[in-house]
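Fold and contact review
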Amino acid sequence: MRYSVLTYGHAELRRKTQPVAAITEDIRRLARDMLETMYASNGLGLAAQQIGRTESLCVIDLTGVRREGSNPIDWADVPMPLVMLNPAVAQSSGEQTGQEGCLSFPEIFVTIKRAAEVIVVFLNLSGQKETVVARGLLARAVLHELDHLHGVLLSDRMSAVQKVSLAARLKRLRKQGQEQRG
Ligand SMILES: [Zn+2]
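Our subject in this report is the structure included herewith. Keep in mind that what you see is a predicted model, and the values were worked out from it rather than measured.

1. Points about the overall build of the protein
Assigned secondary structure in the protein consists of five helices and seven strands. Along the chain direction, N to C, the helices and strands of the protein fall in the order α-β-β-β-β-β-β-β-α-α-α-α. The C-alpha atoms of the protein give 16 Å as radius of gyration, which agrees with the globular expectation for 182 residues (16 Å, within 12%). Of the contacts made within the protein by residues no fewer than 6 positions apart, 68% connect residues no fewer than 24 positions apart. Carbon and sulfur atoms provide 49% of the accessible area of the protein, an area that totals close to 9,400 Å².

2. Some words on the side chain of Glu145
Tracing the backbone through its elements, the reader meets Glu145 in helix α2 (residues 136-149). One buried charged residue, Glu145, forms no salt bridge at all, with the nearest opposite charge on Arg114 at 8.5 Å. In contact with Glu145, other than residues within four places in its own chain, are Gly45, Leu46, Ala47, Gln50, Cys58, Val59 and Ile60.

3. Here's the deal with the coordination of the zinc ion
Distances from the zinc ion to its protein donors, Cys102 (SG), His144 (NE2) and His148 (NE2), fall at 2.0 to 2.2 Å. On the primary sequence, the residues serving as donors to the zinc ion are separated as C-x41-H-x3-H. One end of the pair, Cys102, is in the loop between β4 (96-100) and β5 (110-114); the other, His144, is in helix α2, and 42 residues separate them in sequence.

4. A closer look at the pattern of salt bridges
Two side chains with opposite charge may pair up if their charged atoms get near one another. Evaluated as defined, the whole model comprises 14 salt bridges. The residue Asp26 makes a salt bridge to Arg53 at a minimum N-O spacing of 3.2 Å. Of this pair, Asp26 sits in helix α1 (residues 25-40) while Arg53 sits in the loop between β1 (45-47) and β2 (57-60), and the two are 27 residues apart along the sequence. Asp26 gets classed as partly exposed once you look at its relative accessible area, which sits at 34%. Arg140 is paired through a salt bridge with Glu100; the nearest N and O atoms lie 2.6 Å apart. Taken together, the residues Arg140 in helix α2 and Glu100 in strand β4 connect sequence positions 40 residues apart. You'll find Arg140 and Glu100 in the same group, each marked buried. Bridged by salt links that share partners, the residues Glu100, Arg114, Arg140, Asp147 and Arg157 form one connected network.

Each value, and the rule that gives it
- Residues numbered from 1 in each chain as written.
- Predicted model: local features only at pLDDT ≥ 70, side-chain atom pairs only at ≥ 80, totals over all residues.
- Heavy atoms only, no water.
- Helix = DSSP H or I, 4+ residues; strand = E, 2+ residues; numbered from the N terminus.
- Rg over C-alpha atoms; globule rule 2.2 N^0.38 Å.
- Contact = heavy atoms within 4.5 Å.
- Areas by Shrake-Rupley, 256 points an atom, 1.4 Å probe, with all protein chains shown as cover.
- Buried < 20%, exposed > 50% of the residue type's maximum accessible area, 1.4 Å probe, protein only.
- Lys, Arg positive; Asp, Glu negative; His and termini not counted.
- Salt bridge = Lys/Arg side-chain N within 4 Å of Asp/Glu carboxyl O.
- Donors = N, O, S within 2.8 Å, 3.2 Å for Na, K, Ca; no water.

Structure below.
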């Protein structure tokens, strides 16, 4: 089932997630639905809050993605799609600066500073603990989705200058998001 993605201003996006205690059929269906929604929206990642759920669950797929400043070799050995339950960053290092967007902020892209490499631990859908070393764009995507799971949004990562220059669009978006059902 495809969900509509909640946009900036919707209260659900600020709710912190609850850890997933057991891999149930409901969780497997949620993961499938989130992948379907992400692909249909042409996104690289999606977190549960973006469809109004509170499980600690996010999905990422960078298959075929080519982006200026990113190198697909960085994630060549990481199986996609990534379905991460209860993900946490165990270690982060370095720094990268690049463009970042979000399905909850349609048509807005901003330059954001992130760690260059992160080690993320999570449970997979089989209930096994996995560790992935994420570099470059994958590190950015992981950190972006983990932000969602903590109720942190792209707008929180913007500089004061970026916020001022996007103020009118953010205001419009926030109003739409508040009125959005779901
Ligand atoms: Zn996002």
